[in-house]
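Architecture at a glance
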Amino acid sequence: MKSLLSKIKPTDIFSEPFPHVVIKDALDEEVYSKLKSEWADIEILRQGEDNKGTDLSSNKRLHYLANESLNDERITPFWKEFIALHTSDTFFQEFLTIFKDHILQMYPEFEQKYGSFETLKSGLRKVDTFESVDVLLDALICINTPVVTKPNAVRGAHIDLPDKLFAGLFYLRDPQDTSTGGNLEIYKFKNGKPYGFRSSAIDDSYIKHVKTIEYDRNVLILFLNSVYSLHGVSVRSLTDSPRYFVNLVGEVKQPLFDPKQYQELPSFKTKYIKKLEKAIKKVALVAK
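Below: a short report on this structure. (Residues numbered from 1 in each chain as written. Predicted model: local features only at pLDDT ≥ 70, side-chain atom pairs only at ≥ 80, totals over all residues. Heavy atoms only, no water.)

1. What about the environment of F14?
Structurally, F14 can be placed in strand 1 (residues 13–14). A relative accessible area of 29% means that F14 is categorised as partly exposed. Separated by 209 residues in the primary sequence, F14 and F223 place their C-alpha atoms 9.3 Å from one another. Every residue in contact with F14, bar those within four places of it in the chain, is listed here: P19, H20, V22 and K211. (Helix = DSSP H or I, 4+ residues; strand = E, 2+ residues; numbered from the N terminus. Buried < 20%, exposed > 50% of the residue type's maximum accessible area, 1.4 Å probe, protein only. Contact = heavy atoms within 4.5 Å.)

Structure below.
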């Protein structure tokens, strides 16, 4: 089996508004079709580490971690081979070949903090630790459940956690899915400088839409994570079809950036209200 990056061409690589690749028909048709036909049952995903005891409410994300998939007899051998490949050092080295220069441009001190590119060692998240490896990899089997209440977006514009070196989405859209939306939206800051976050999310007033990558079959999107890596998922229409994808992750031992520097400052009105509330509380305490 060849990896999702094996067919990459120079035209698949983009540096703006942040480094990312988009590969259509990433896998050979025979491989893709077999993966799609052997997709894990939704009840298996429901039992994932972060999903236990949850219901199947509208447009909810469910996932199964790589270490869970690799140790579950209900996951087919072919899927285990796919998961093992995309959490292997072979895949990590493919990633570095594509993104090394982008990493050094975004993080000039990367090698001093995390290790030389020649010696970086990867391992499996939730199995290995940073005591023995430099980067922890994961390949999560995921779905967003059917949209049965009202059209909505599973997640708006945001950045990923600062300990993520990269993230990827491999789409496996069902041919019977006639819904609209569920696309990956890519954004940039309107003034070119990072600002306006509320935790990891950001209001549309601070950003500008750059491109849409449609939720489609056999499509890979992989990007270098940074404070500039703004992305979100578009509103999905009502549908009985789940949204199928694999989430690829590379995690490092310490944050690559500090999102606290780029948070939205409270408005004057908000500050005034908070001061007034404190003053009222103080008066109430004195009155007692």
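Anyway, onward from the coordinates.
2. Digging into the nonpolar core
The tendency in soluble globular proteins is for nonpolar side chains to be buried side by side. Formed by 79 residues in total, the largest nonpolar core has its most connected members in W79, I103, L165 and F170. Beyond its immediate sequence surroundings of up to four residues, L165 is in contact with F92, F95, I103, F110, F223, L224, N225, G250, E251, V252 and L256. (Core = buried A, V, L, I, M, F, W, Y, C linked by side-chain atoms within 4.5 Å.)

3. A closer look at the pairing of strand 6 (residues 164–171)
If a strand is regular, its side chains alternate between the two faces of the sheet. In terms of residue burial, strand 6 counts as a mostly covered element, since 8 of its 8 residues are buried. Looking at chain direction, strand 6 and strand 13 (residues 243–252) are connected through 7 bridges and run antiparallel. By the bridge assignment, F166 is partnered in strand 13 with G250. (Pairing = 2+ DSSP bridges.)

4. Side note on helix 5 (residues 89–106)
Of all the bends found along helix 5, the most pronounced is centred on F99 and spans about 65°. For helix 5, the set of buried residues is F91, F92, F95, L96, I98, F99, H102 and I103. (Bend = angle between axes of the 7 residues up to and from the residue.)

5. Digging into the side chain of D160
Along the polypeptide, D160 turns up in the loop between strand 5 (135–144) and strand 6. It is R155 that comes nearest to the buried, bridge-free D160 among opposite-charge side chains, at 4.8 Å. At 3.3 Å, the side chain of D160 forms a polar contact with the side chain of H231. When neighbours within four sequence positions are excluded, D160 is seen to be in contact with A167, F223, N225, H231 and F257. (Lys, Arg positive; Asp, Glu negative; His and termini not counted. Salt bridge = Lys/Arg side-chain N within 4 Å of Asp/Glu carboxyl O. Polar contact = N/O pair within 3.5 Å; in protein donor to acceptor, adjacent residues only side chain to side chain.)

6. Quick notes on helix 1 (residues 29–37)
Within the sequence span of helix 1, burial applies to V31, Y32, L35 and K36. Along helix 1, the residues classed as buried sweep out an arc of 130° about the axis, all on the same side. For helix 1, exposure combined with an orientation more than 90 degrees from the buried face picks out E30 and S37. For helix 1, the secondary structure elements touched by its buried residues are helix 4 (77–85), strand 6 and strand 13. (Arc of directions from axis to C-beta.)

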